[in-house]
Amino acid sequence: NAGVTQTPKFRILKIGQSMTLQCTQDMNHNYMYWYRQDPGMGLKLIYYSVGAGITDKGEVPNGYNVSRSTTEDFPLRLELAAPSQTSVYFCASRYDRVGQPQHFGDGTRLSIL
Amino acid sequence: ELKVEQNPLFLSMQEGKNYTIYCNYSTTSDRLYWYRQDPGKSLESLFVLLSNGAVKQEGRLMASLDTKARLSTLHITAAVHDLSATYFCPDLNYGGSQGNLIFGKGTKLSVKP
């Protein structure tokens, strides 16, 4: 059982470039999330989705976009990368039943130079 | 402002000793989660506490929840090196965010022989 899979694991971007971070889950979870984790800090929510076709902003959405065309996939798009977006990005999903924990992917380590 | 505060932020313990990590949260949620993160790794769910007075134990770790005091504790018994990691106690934000997690900075635990 693969769980939550994120690609790529590492990436270096130049300022102004764009890229898409991929996230897919095979647990048929409706809820999916994107977080970023800066060094020595907790995670902050960027975007979330409660099902295919439904997305909404989290705490720190500026500079990012998402889409959810299928239950399995929840890609995160960075437009015009900036140094402040250097971070580790985690995708998570959970079953929509009370008390279920979120399951996290292994993360994408992104550096903007 | 919704927030989670953990105390201490850094903890250096000797093997065999006991200690407690404290987690104060600001919402009126009746549930709380504990996660473990090894350096450079993803987050692993440890406990889901679903009601006031809930207590869960796994090996040398025991977590409890007091919703009236908005306090959760993670008690470590006879620490071993393998417990070295960062521990997070994200709170569940109902609000408009569909149950997203609010993270504090975490407690970085180092167990020394």
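Structure shown above.
The sections below set out a description of the structure shown in this document. (Residues numbered from 1 in each chain as written. Chains lettered and ligands numbered in written order. Predicted model: local features only at pLDDT ≥ 70, side-chain atom pairs only at ≥ 80, totals over all residues. Heavy atoms only, no water.)

1. Some points on the interface of chain A and chain B
Part 1 of the reasoning: Each partner contributes to the interface: chain A provides 22 residues, whereas chain B provides 21 residues.
Part 2 of the reasoning: Summed over both sides, the interface between chain A and chain B buries roughly 1,600 Å², with carbon and sulfur atoms accounting for 54% of that surface.
Part 3 of the reasoning: It is Leu43, Gly99 and Phe104 of chain A that lose the most area in chain A upon contact with chain B, and together they represent 26% of the buried surface on that side.
Part 4 of the reasoning: Inspection of the chain A/chain B interface yields zero salt bridges.
Part 5 of the reasoning: Taken together, the links from chain A to chain B amount to five residue pairs in polar contact (both at pLDDT 80 or more).
Part 6 of the reasoning: Elements with a minimum of two residues in the side of chain A that touches chain B: β4 (31-37), β5 (43-51) and β9 (87-94) of chain A. (Contact = heavy atoms within 4.5 Å. Buried area = accessible area lost by both parts, 1.4 Å probe. Salt bridge = Lys/Arg side-chain N within 4 Å of Asp/Glu carboxyl O. Polar contact = N/O pair within 3.5 Å; in protein donor to acceptor, adjacent residues only side chain to side chain. Helix = DSSP H or I, 4+ residues; strand = E, 2+ residues; numbered from the N terminus.)

2. A closer look at unusual backbone geometry
Part 1 of the reasoning: Of the consecutive residues Thr7 of chain A and Pro8 of chain A, the connecting peptide bond is found in the cis state with omega at -5°.
Part 2 of the reasoning: Relative to the elements of secondary structure, Pro8 of chain A occurs in the loop between β1 (4-7) and β2 (10-13).
Part 3 of the reasoning: In this structure, the amide linkage connecting Asn7 of chain B to the following residue, Pro8 of chain B, adopts the cis form with an omega of 0°.
Part 4 of the reasoning: Relative to the helices and strands, Pro8 of chain B resides in the loop between β1 (4-7) and β2 (10-14).
Part 5 of the reasoning: Notably, Leu80 of chain A is not glycine yet its phi reads approximately 55°, a positive angle.
Part 6 of the reasoning: Positive phi, normally seen in glycine, also occurs at Arg70 of chain B, with a value near 55°.
Part 7 of the reasoning: Within the secondary structure layout, Arg70 of chain B lies in the loop between β7 (61-66) and β8 (71-76).
Part 8 of the reasoning: By relative accessible area, which is 32% here, Arg70 of chain B ends up partly exposed. (Buried < 20%, exposed > 50% of the residue type's maximum accessible area, 1.4 Å probe, protein only.)

3. What about the sheet that holds strand β7 (residues 64-66) of chain A?
All names here are of chain A.
Part 1 of the reasoning: Across the sheet, which stays open at both edges, the four strands sit in the order β1-β3-β8-β7 with antiparallel pairing between neighbours. Looking at strand neighbours, the two that pair on one side only are β1 and β7, the edges of this open sheet. Neighbour to neighbour, the strand axes of the sheet diverge by 20° on average, direction disregarded.
Part 2 of the reasoning: Taken together, the three bridges between β7 and strand β8 (residues 76-78) define a ladder with antiparallel strand orientation. Residue pairing for β8: Asn65 is matched across the bridge by Arg77. (Pairing = 2+ DSSP bridges. Axes fitted to C-alpha atoms, helices over the stretch in contact; angles between N-to-C directions.)

4. Quick word on the pattern of salt bridges
Residue and element names in this part refer to chain A.
Part 1 of the reasoning: Throughout the structure, instances matching the rule amount to four salt bridges over all chains.
Part 2 of the reasoning: Of the charged contacts in the structure, one is a salt bridge between Asp38 and Arg36, with a shortest N-O distance of 2.9 Å.
Part 3 of the reasoning: Take Asp38: its relative accessible area is 27%, and that puts it in the partly exposed class.

5. Observations regarding the sheet that holds β7 of chain B
All names here are of chain B.
Part 1 of the reasoning: Spatially, β1-β3-β8-β7-β6 is the arrangement adopted by the five strands of the open sheet, whose pairing is antiparallel. At either end of the open sheet lies a strand with only one pairing partner, and these are β1 and β6 (55-58). Across the sheet, the mean angle from the axis of one strand to that of its neighbour is 15°, orientation sign disregarded.
Part 2 of the reasoning: Where β7 meets β8, six bridges bridge the pair, whose relative direction is antiparallel. Residue pairing for β8: Leu61 is matched across the bridge by Ile76.

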